[in-house]
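Coordinates in review
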Amino acid sequence: VFLGNGPSGICLSYLLSGYIPYFKRDSVHPHPILQRKLEEAPDVSILDQDLEYLSEGLEGRSHSPVALLFDTLQRPDTDFGGTAESVLTWWQETDRAIPHLVLGRNAPGGAWHSIEGSMVTLSRGEWMGLPDLPFKDWLKQKRRGLRNNRATAEDIAQYYQHYVMKKGLQKNFRCGTVVTSVRKVSAESISKHAEKDLQANSDSLWNLNEKSAEVFQVDGFFKTVEGDKEPFSIYAENVVLATGTYDSPTWLGVKGENLSYVYHQLSALEEAVKNNSIGITSDPVLIVGAGLTAADAILFAHHCNIPVIHVFRRRVSDPGLIFNQLPKMMYPEYHKVHQMMKEQTAACAGPYECYVSFPEHHVLSFGKDKKCILQDKNGCQKVCKISMALVLTGSNPNLSFLPNNGIGLAVDNGQPVSPKRNPIDVDPFTYECTQDKGLYALGPLAGDIFVRFVQGGALAVASSLLKKANKNPP
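The residue numbering used here restarts from 1 in each chain and proceeds along that chain's sequence as written. Totals for whole chains, interfaces and linings use every residue, but because this is a predicted model, local features are given only for residues with pLDDT of at least 70 and side-chain atom pairs only at 80 or more, for both listing and counting. The basis for the side-chain values is all heavy atoms of the structure; hydrogens and waters are excluded.

To keep things clear, this is the line we draw: UniProt positions are given in the numbering used here, feature names are shortened, and annotations may be inferred rather than shown by experiment.
As recorded by an unreviewed UniProt entry, the protein chain carries the name Oxidative stress-induced growth inhibitor 1 and is attributed to Tricholaema leucomelas. On record in UniProt, under Subcellular location (unreviewed entry), the comment for the protein chain is "Midbody". According to the UniProt record, the Sequence similarities (unreviewed entry) comment for the protein chain is "Belongs to the OKL38 family."

1. Focus on the overall build of the protein chain
Threshold: Strands here are runs of E lasting at least two residues and helices are runs of H or I lasting at least four, both read from the DSSP assignment and numbered beginning at the N terminus. Residues are treated as being in contact if the distance between any of their heavy atoms lies within 4.5 Å. With residues, only the protein chains shown are counted as cover, and all accessible areas are computed by Shrake-Rupley using a 1.4 Å probe.
Along the backbone of the protein chain there are 11 helices and 22 strands. Taking the contacts inside the protein chain whose residues are at least 6 apart along the sequence as the reference set, 68% of them involve residues at least 24 apart. Total accessible area on the protein chain is roughly 22,800 Å²; 50% of this is exposed by carbon and sulfur atoms.

2. What to know about the state of the cysteines
Counted only if it meets this: Our working definition of a disulfide is a cysteine sulfur pair at a distance within 2.5 Å.
Going through the model one piece at a time under the given rule, you end up with 0 disulfides. Lacking any disulfide linkage, Cys 372 is separated from the closest cysteine sulfur, that of Cys 384, by 6.0 Å.

3. Regarding the packing of helix 1 (residues 7-16) against helix 6 (residues 153-166)
Our working rule: Note on geometry: axes are C-alpha line fits, over the in-contact stretch for helices, and angles between N-to-C directions span 0 to 180 degrees. Any angle between 65 and 115 degrees counts as roughly perpendicular, while under 35 counts as roughly parallel, over 145 as roughly antiparallel, and the rest as oblique. Note: crossing handedness is left-handed where the near helix turns anticlockwise from the far helix by less than a right angle, and right-handed where it turns clockwise.
In contact at an axis separation of 11 Å, helix 1 and helix 6 are set at 15° when each is read in the N-to-C sense. Comparing their axes, helix 6 and helix 1 come out roughly parallel. With respect to the hand of their crossing, helix 1 and helix 6 are arranged in left-handed fashion. Residue-level contacts link Pro 7, Ile 10 and Tyr 14 of helix 1 to Tyr 160, Tyr 163 and Val 164 of helix 6.

4. A word on a negative patch on the surface
Formally: Patch membership needs two things, relative accessible area over 30% and no salt bridge, and members are linked within 9 Å if like-charged or within 5 Å if nonpolar (Val, Leu, Ile, Met, Phe, Trp, Tyr). Definition used for salt bridges: Asp or Glu carboxyl oxygen within 4 Å of a side-chain nitrogen of Lys or Arg. For the purpose of charge, His is not counted, nor are the chain termini; Lys and Arg are scored as positive and Asp and Glu as negative. Charge positions are represented by NZ for Lys, CZ for Arg, CG for Asp and CD for Glu.
Residues Asp 50, Glu 52, Glu 56 and Asp 427 make up a contiguous surface patch of negative charge. Position of Asp 50 among the secondary structure elements: in the loop between helix 2 (32-40) and helix 3 (51-55).

5. Focus on the confidence of the model for the protein chain
Going by this rule: Scored from 0 to 100, pLDDT records how confident the predictor is in each individual residue.
Summing up the model confidence of the protein chain, the mean pLDDT is 86 and the portion of residues at 70 or higher is 87%. Confidence, expressed as mean pLDDT per element, reaches its minimum in the protein chain at helix 7 (residues 192-200) with 47 and its maximum at strand 14 (residues 285-288) with 98. Confidence drops under a pLDDT of 50 for residues 195-208, and excluding neighbours within four residues, the segment shows 20 contacts in the predicted structure.

6. A closer look at the nonpolar core
This is how it is decided: By nonpolar core is meant a set of buried Ala, Val, Leu, Ile, Met, Phe, Trp, Tyr and Cys residues that side-chain atoms within 4.5 Å join together. Per-residue accessibility, obtained with a 1.4 Å probe over protein chains only, is compared with the maximum for each type, and a residue is labelled buried under 20%, exposed over 50%, and partly exposed between these values.
If you look at the biggest cluster of nonpolar residues, it comprises 83 residues, and the most contacted ones within it are Leu 3, Leu 12, Val 182, Val 218, Val 239, Leu 241 and Ile 424. If one sorts the elements of this core by residue count, helix 11 (residues 451-468) sits on top with 9 residues. Residues in contact with Ile 424, not counting those within four places in the same chain, are Leu 241, Leu 399, Leu 409, Ala 410, Val 411, Val 417, Cys 433, Ala 441, Leu 445 and Ala 446.

7. Observations concerning helix 4 (residues 65-74)
Burial within helix 4 is extensive, with 9 of its 10 residues counted as buried. Among the residues making up helix 4, those that are buried are Val 66, Ala 67, Leu 68, Leu 69, Phe 70, Asp 71, Thr 72, Leu 73 and Gln 74.

8. Observations concerning the sheet that holds strand 9 (residues 214-223)
Stated formally: One requirement defines pairing of two strands: DSSP has to find at least two bridges between them.
Spatial ordering of the open sheet is given by 8-9-10, a layout of 3 strands whose pairing is antiparallel. Looking along the sheet, the strands with just one partner apiece sit at the ends: strand 8 (177-186) and strand 10 (229-236). Across this sheet, the average inter-strand angle for adjacent strands is 20°, counted without regard to direction. Looking at chain direction, strand 8 and strand 9 are connected through 9 bridges and run antiparallel.

9. Considering the environment of Pro 351
With respect to the element layout, Pro 351 can be found in the loop between helix 10 (332-343) and strand 16 (355-358). When the C-alpha positions of Pro 351 and Met 340 are compared, they lie 8.6 Å apart, and in sequence the two are 11 residues distant. The contact partners of Pro 351, leaving out residues within four places of it in the chain, are Glu 343 and Gln 344.

10. A word on the packing of helix 1 against helix 11
Two measures define how a pair of helices packs: the angle their axes make with one another and the distance between the axes. For clarity, the threshold we go by: Under the convention adopted here, Pro, Cys and the residues Ala, Val, Leu, Ile, Met, Phe, Trp and Tyr are nonpolar, Asp, Glu, Lys and Arg are charged, and Gly plus all remaining residues are polar.
Following both chains from N to C, one finds helix 1 and helix 11 inclined at 40°, their axes separated by 8 Å at the closest point. Taken together, helix 1 and helix 11 sit at an angle that is classed as oblique. In this structure, the crossing between helix 1 and helix 11 has a hand that is right-handed. Here Pro 7, Ser 8, Cys 11, Leu 12, Leu 15 and Leu 16 of helix 1 come into contact with helix 11, specifically with Val 451, Val 454, Gln 455, Ala 458, Leu 459, Val 461, Ala 462 and Leu 465. Among the residues forming the contact of helix 1 with helix 11, the class breakdown is 12 nonpolar, 2 polar and no charged.

11. Quick notes on the side chain of Ser 13
Heads up, the rule is: N or O atoms closer than or at 3.5 Å make up a polar contact, with two conditions inside protein: a donor-capable atom paired with an acceptor-capable one, and, for residues adjacent in sequence, both atoms drawn from side chains.
Among the structural elements, Ser 13 can be located in helix 1. Using a relative accessible area of 0% as the deciding quantity, one classes Ser 13 as buried. Side-chain polar atoms of Ser 13 contact the side chain of His 100, separated by 2.8 Å. If we skip the residues at most four places from it in the chain, Ser 13 touches Phe 2, His 100, Val 102, Leu 169, Asn 172 and Phe 173.

Set out below in structure tokens:
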């Protein structure tokens, strides 16, 4: 059972549906050592080879060796601007398919359906694609091209839905599901009635291996078309956590943050503009944060001529600031926001109207009269009258369905799970949780943030599950 039907879950479903990757004969990979390794066993699928051996020595923009391996097999020289074809060929071997279910709240594509459709992706469009169906090819069928090599969120969401249909994976997907609990139970404790169901069909999704002393019980409910909640319980030997991080926006934890004019999602600003509840003559919108979502909010407000007060804790020149890591040519709009942050501070008026930045400041409190108190690093305070506030400082995964919110699974098991600071502790070559065998974590939960790199985790999980199911050829 997989929890989450975003790119991680879709990619893993493809691999477990009997689609097996092999090294394409006569292909030449630009990495000579990897090429030599691939030529050693051309008739053995990548899933059945030693992933640690293949990925040894690879370098790139991910800390995961398997993520780098799968990425370089699919896009051999993409980081150098090259367009070399994938060195993989895909064979469907139905006898190696492993029955599975993919549970998700939305349509296949996960959180991509919750993002404003016109938003442009940070990553290049071709990096958003899944195995054996290049995103560029799909876009060409729509008679569309990539803007500045990047795609819109709406395109991505549609592509993921199309991928599931095109590859015949829809039978594995259950959309409109909410999981409320995942816990281990002894196989003996499952009711006789459930056992009867489990044994009725040996090929059933619910079939348990007799050797399993413990299994996972996954509880939740389906949302029906009529709006009813239909409860379910599923028993599985293996559970894959692929729920991403879009669920719970981060709160500042300051006084007044729960007032009705304080929001934690960009969509609130879009809604307010649509309803004409804010406009050119309104008091400024306060935007808190210095990431890309905050930048998107600033660009949107700037486009609508809505005044903005921008508050963030870091220095503008801080190398950890995302803007200082993006190439200017590829991301001109984010470079513009960075310029505004530098040139139009409260201490120094610049050329941009309707915008002022407060670097190295934080919010002390929000008042009922829509007055917000800011404080700088020296303790000096300033009161601002605002129309609404957007706190856009990131989001956290919602793991409320796990015991103790999954804290015991994290690298630092005394702190909450956080993709960047404290991901779930997994084996780097199987992605199985070190603290709980049979439980796997994929994507941002395991520290893989970008779509191009989450797929390596799916490769690792598929390889591990095929070994467990004895579906690896000798």
